[in-house]
Amino acid sequence: MLGVIYSLPLANKEVSYMYIRRFKAIRVLAIGITALCTLFTAEASAKLQVVTTFSQDASIVSAIGAGFIEVVSLTNGLQDPHAVEPKPSLAAHLNRADLLIVNGQQMELAWLPAALAAVGNPRIQEGGEGYLNASAGVRLIPYTTEELEGTQFVPFLDKDSNHHQIGNHHFWLDPANGLIIARNVYRKLAEIDPANDWIYKLNYESFTARLTEKMKDWDALMVMFRGVKIVSYHRDWIYLTNRHGLEIVAYIEPRETIPPSAGDAARLIKLVKDEDIPLILISPWQPQRASREIARQSGAKVLSLPSAVDSRLGTRDYIQLFDVIYTQLSRALFGTQIGTQS
Ligand SMILES: [Zn+2]
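For clarity, every value in this text was computed on a predicted model and none was experimentally measured.

Procedures and definitions
- Residues numbered from 1 in each chain as written.
- Predicted model: local features only at pLDDT ≥ 70, side-chain atom pairs only at ≥ 80, totals over all residues.
- Helix = DSSP H or I, 4+ residues; strand = E, 2+ residues; numbered from the N terminus.
- Buried ≥ 20, exposed ≤ 12 C-beta atoms within 10 Å, placed from the backbone.
- Pairing = 2+ DSSP bridges.
- Axes fitted to C-alpha atoms, helices over the stretch in contact; angles between N-to-C directions.
- Contact = placed C-beta atoms within 7 Å.
- pLDDT = per-residue confidence, 0-100.
- Right-handed = clockwise from strand over helix to strand, strands pointing away.
- Parallel < 35°, antiparallel > 145°, perpendicular 65-115°, else oblique.
- Left-handed = near helix turned anticlockwise from the far one by under 90°.
- Nonpolar A, V, L, I, M, F, W, Y, C, P; charged D, E, K, R; others polar.

Participant: Got a minute to help me understand the overall build of the chain in this structure?
Facilitator: Each helix and strand in the chain was counted, giving eleven helices and eight strands. Buried positions account for 37% of the 342 residues belonging to the chain.

Printed below as a string of structure tokens:
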């Protein structure tokens, strides 16, 4: 018993040392947590403010800058990308931005230059450190002179040749171009925020690996539709159809953004009938009536495919967008029996 009593102080001493060690450890941990909290608070407030003109670029930059940036898209996936109604919030977002990502190829011509001229943020002006043209390095499909005549894009025509200062601006609709956009975005983030380059690189590699893997499935799915002829309302699906060897034989819009006349519609109905074209492609932001009427009178089907992130259920990011596009497109092509004819 004595021994036990005697031994108690010793035991207590050990216990108290243990507590002191634990207390010190807890204090160190607490200091560490406080420091981390301070750091994270500082980082949260110091997150790069990224503004994109369109939702597909918002999706790509969100994937690469995850956790280190805050992203706002100036448009949603259902708006006509050529003609955006400027809102007061647009200037506020641009004034706060550290980085502006534009689609380029004059897609934003009708609204962005005026908005940029009105904001006092030199960093995100064209040529500034915080300005990125997503189309850099993309192999663009050229517009012909006829396709742009009478449109807002005339100032970018080279009258002496077909080498215009503008290429088809719907290039994000080939997922392979998504890889180029992602590379542009990664390089720009690393340039303006080199301290976090390593994390941007990891995210970039993860995004491109996922997209590349998906592209194998999508390409395999589309192989059987090579050579199928279709009609498209706008010149937006040509990157996708070129990728998979589908042929767009006509556009419902006679020229970029110009709606068809009654004569154009009559010619198209005849063409669709004569060539037995099974499918007309449109996007949700385009006027639906003309296409549906041409389809009704010619016997073709109309398929409205989402062309932008967040334009339809299940299209919350760039990869999901293509999952929906390919699912719906392949189903529609199967539905026209084309897949079983060869
Ligand atoms: Zn267009």
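There is more to say after this.
Participant: Help me understand the sheet that holds strand E5 (residues 229-232) in this model?
Facilitator: Strand pairing within a sheet occurs via backbone hydrogen bonds; the two strands may be parallel or antiparallel. Spatial ordering of the open sheet is given by E6-E5-E7-E8, a layout of four strands whose pairing is parallel. Only two strands of the sheet have a single neighbouring strand rather than two, namely strand E6 (247-251) and strand E8 (301-304). Going from strand to strand, the sheet's axes swing by 35 degrees on average, the running direction of each strand aside. For strand E7 (residues 279-282) and E8, the ladder comprises four bridges, and the chain directions are parallel. Its bridge partner lying in E8, Leu 281 is registered against Leu 303. On top of the sheet, helix H11 (residues 318-335) reaches E7 and E8; it is set at about 170 degrees to E8, its chief contact.

Participant: Even after reading the chapter, I still don't get the confidence of the model for the chain, so can you show me in this structure?
Facilitator: Any residue range with low pLDDT should be treated as having predicted coordinates unsuitable for detailed reading. On average, the chain scores 86 in pLDDT, and the residues at 70 or more come to 85%. Across residues 1-20, confidence stays below pLDDT 50; counting only partners more than four residues off in sequence or on other chains, it has zero contacts.

Participant: Sorry if this is basic, but what is going on with the pairing of strand E1 (residues 48-52) here?
Facilitator: Put simply, side chains in a regular strand alternate between the two faces of the sheet. The pairing of E1 with strand E2 (residues 69-73) spans five bridges and is parallel. Bridged to Thr 52 within E2 is Ser 73. For the handedness criterion, the β-α-β arrangement of E1, helix H2 (residues 55-64) and E2 is classed as right-handed. Relative to strand E3 (residues 99-102), E1 is paired through three bridges, and the arrangement is parallel. Looking at E3, one finds that Val 50 is bridged to Leu 99.

Participant: Help me understand the environment of Ile 252 in this model?
Facilitator: Locating Ile 252 in the fold gives a position in the loop between E6 and helix H9 (262-274). Separated by 30 residues in the primary sequence, Ile 252 and Ile 282 place their C-alpha atoms 9.5 Å from one another. Here Ile 252 is in contact with Val 231, Tyr 233, Pro 260, Leu 268, Ala 290, Ser 291 and Ile 294, once residues within four sequence places are set aside.

Participant: I keep staring at unusual backbone geometry and nothing clicks. Help me out?
Facilitator: Among all residues except glycine, the phi angle is most often negative; among peptide bonds, the trans geometry is most common. Here Gln 105, not a glycine, exhibits a phi torsion of approximately 55 degrees, which is positive. Tracing the chain through its elements places Gln 105 in the loop between E3 and helix H4 (112-117). One non-glycine residue with positive phi stands out, namely Asp 310, at about 70 degrees. Mapped onto the fold, Asp 310 is located in the loop between E8 and H11. Note on Asp 310: 20 C-beta atoms within 10 Å, which makes it buried.

Participant: How do you make sense of the packing of H9 against helix H10 (residues 289-298) when you look at a structure like this?
Facilitator: Axis angle and axis distance: for two packed helices, these are the angle between their axes and the distance between the axes, and together they describe the pair. For the pair H9 and H10, the least separation of the axes is 9 Å and the interaxial angle reads 45 degrees. One element, H9, and the other, H10, form an angle in the oblique class. The handedness of the crossing between H9 and H10 is right-handed. Residues Ala 265, Leu 268, Ile 269, Val 272 and Lys 273 of H9 form the contact with H10, whose own contacting residues are Ala 290, Glu 293, Ile 294, Gln 297 and Ser 298. Along the lines of polarity and charge, the residues of the contact of H9 with H10 split into six nonpolar, two polar and two charged.

Participant: Help me understand the sheet that holds E3 in this model?
Facilitator: Reading across the sheet, the four strands line up as E2-E1-E3-E4 and stay open at both edges, with parallel pairing between neighbours. A strand with exactly one partner marks an edge of an open sheet, and here the two such strands are E2 and strand E4 (131-133). Neighbour to neighbour, the strand axes of the sheet diverge by 20 degrees on average, direction disregarded. On top of the sheet, H2 reaches E1, E2 and E3; it is set at about 170 degrees to E2, its chief contact.

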